[in-house]
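Tertiary structure, described
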Amino acid sequence: MAGYVIALLCVLGLAIGQLLFKASSVALVSTGSLFSLKAALPLFAAMCLYGVTSIAWVWALQKVELGRIYPLMALAFVFVPLGSHLFFGERFQSQYYLGVGIIVIGIIVAVRG
């Protein structure tokens, strides 16, 4: 069970990392320099978060078979767009929500299988 919890935290960490990459890119457009604190700080934070989640993922793989927990990675396709909507105001078409539902059903089927 702990392996699944850590795996979910890894997926959440990777999704947050993607949002930080987006924040860095938005800041890069406004500042014109990747070396500005506004652009570099979220980029550095995302890279650190990716490093930590990679180590945690290795730990999770010690506890659970890869084929059992890897489908959880598909939750990133749910978390990242949700975060992009909440933090960046991005909008989605109605078929996106259908796709998310299919992804979630697929994850449930794969993990329980």
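The residue numbers shown here count from 1 along each chain, following its written sequence. Residues qualify for local features only when their pLDDT is at least 70, as the model is predicted, and side-chain atom pairs are given and counted only at 80 or more; totals for whole chains, interfaces and linings, by contrast, use all residues. Side-chain numbers come from the whole structure's heavy atoms, not from hydrogens or water.

A word on the overall build of the chain. If you tally the helices and strands in the chain, you get 5 helices and 0 strands. Strands are runs of DSSP state E lasting at least 2 residues, helices are runs of H or I lasting at least 4, and numbering of each runs from the N terminus. For the chain, the α and β elements follow one another from N to C terminus as α-α-α-α-α. Judged by the C-alpha coordinates and their principal axes, the chain covers about 50 × 35 × 15 Å. Excluding contacts between residues fewer than 6 apart, the proportion of contacts in the chain whose partners are at least 24 apart in sequence is 67%. Of the roughly 7,300 Å² of accessible surface on the chain, 74% is carried by carbon and sulfur atoms. Contact definition: two residues touch when any of their heavy atoms are within 4.5 Å. For accessible areas, the Shrake-Rupley method is used with a probe of radius 1.4 Å. Any residue's cover is judged against the shown protein chains and nothing else.

Throughout, an axis means a line fitted to C-alpha atoms (over the contacting stretch in the case of helices), and angles, computed between N-to-C directions, take values from 0 to 180 degrees. Following both chains from N to C, one finds helix H1 (residues 2-31) and helix H2 (residues 37-63) inclined at 165 degrees, their axes separated by 8 Å at the closest point. As the angle between them shows, H1 and H2 are arranged roughly antiparallel. In this structure, H1 meets H2 at a crossing whose hand is left-handed. Charged residues are taken to be Asp, Glu, Lys and Arg, nonpolar residues to be Ala, Val, Leu, Ile, Met, Phe, Trp, Tyr, Cys and Pro, and polar residues to be all remaining types, Gly included. Classifying every residue of the contact of H1 with H2 by side-chain character gives 23 nonpolar, 8 polar and 2 charged. Angle categories are assigned with fixed cut-offs, so that under 35 degrees is roughly parallel, over 145 is roughly antiparallel, 65 to 115 is roughly perpendicular, and the rest are oblique. By definition, any crossing whose near helix is turned counterclockwise from its far helix by less than a right angle is left-handed, and any crossing with a clockwise turn is right-handed.

Assignment of secondary structure puts Thr53 in helix H2. Pairs of N or O atoms are called polar contacts if they sit within 3.5 Å, as long as, within protein, a hydrogen donor faces a hydrogen acceptor (for residues adjacent in sequence, only side-chain-to-side-chain pairs). At 3.0 Å, the side chain of Thr53 and the backbone oxygen of Tyr50 are in polar contact. Contacts of Thr53, omitting those with residues within four sequence positions, involve Cys10, Gly13 and Leu14.

What follows concerns the confidence of the model for the chain. On average, the chain scores 94 in pLDDT, and the residues at 70 or more come to 100%. Summary of the metric used: pLDDT quantifies the predictor's per-residue confidence within the range 0 to 100. The least confident element of the chain, judged by mean pLDDT, is helix H5 (residues 94-112) at 91; the most confident is H2 at 97.

Let us now look at the pattern of salt bridges. The salt bridge criterion pairs a side-chain nitrogen of Lys or Arg with a carboxyl oxygen of Asp or Glu, the two atoms within 4 Å. Taken as a whole and assessed by the stated rule, the structure comprises 1 salt bridge. Among the ionic pairs, Lys22 bridges to Glu90, the shortest N-O distance being 3.9 Å. Linking Lys22 in helix H1 with Glu90 in the loop between helix H4 (76-88) and H5, this pair joins segments that are 68 residues apart in sequence. Burial classes: relative accessible area under 20% of the type maximum marks a residue as buried, over 50% as exposed, and values in between as partly exposed (1.4 Å probe, protein chains only). For Glu90, a relative accessible area of 28% puts it in the partly exposed group.

Since the α-helix packs 3.6 residues into each turn, any two residues three or four apart lie on the same face. A helix is expected to reach a length of 1.5 Å times the quantity of its residues less one. Here H2 is 27 residues long and its end C-alpha atoms lie 39 Å apart, about the 39 Å a rise of 1.5 Å per residue gives. Buried within H2 we find Ala39, Pro42, Ala46, Thr53, Trp57 and Ala60. For H2, the secondary structure elements touched by its buried residues are H1 and helix H3 (66-69).

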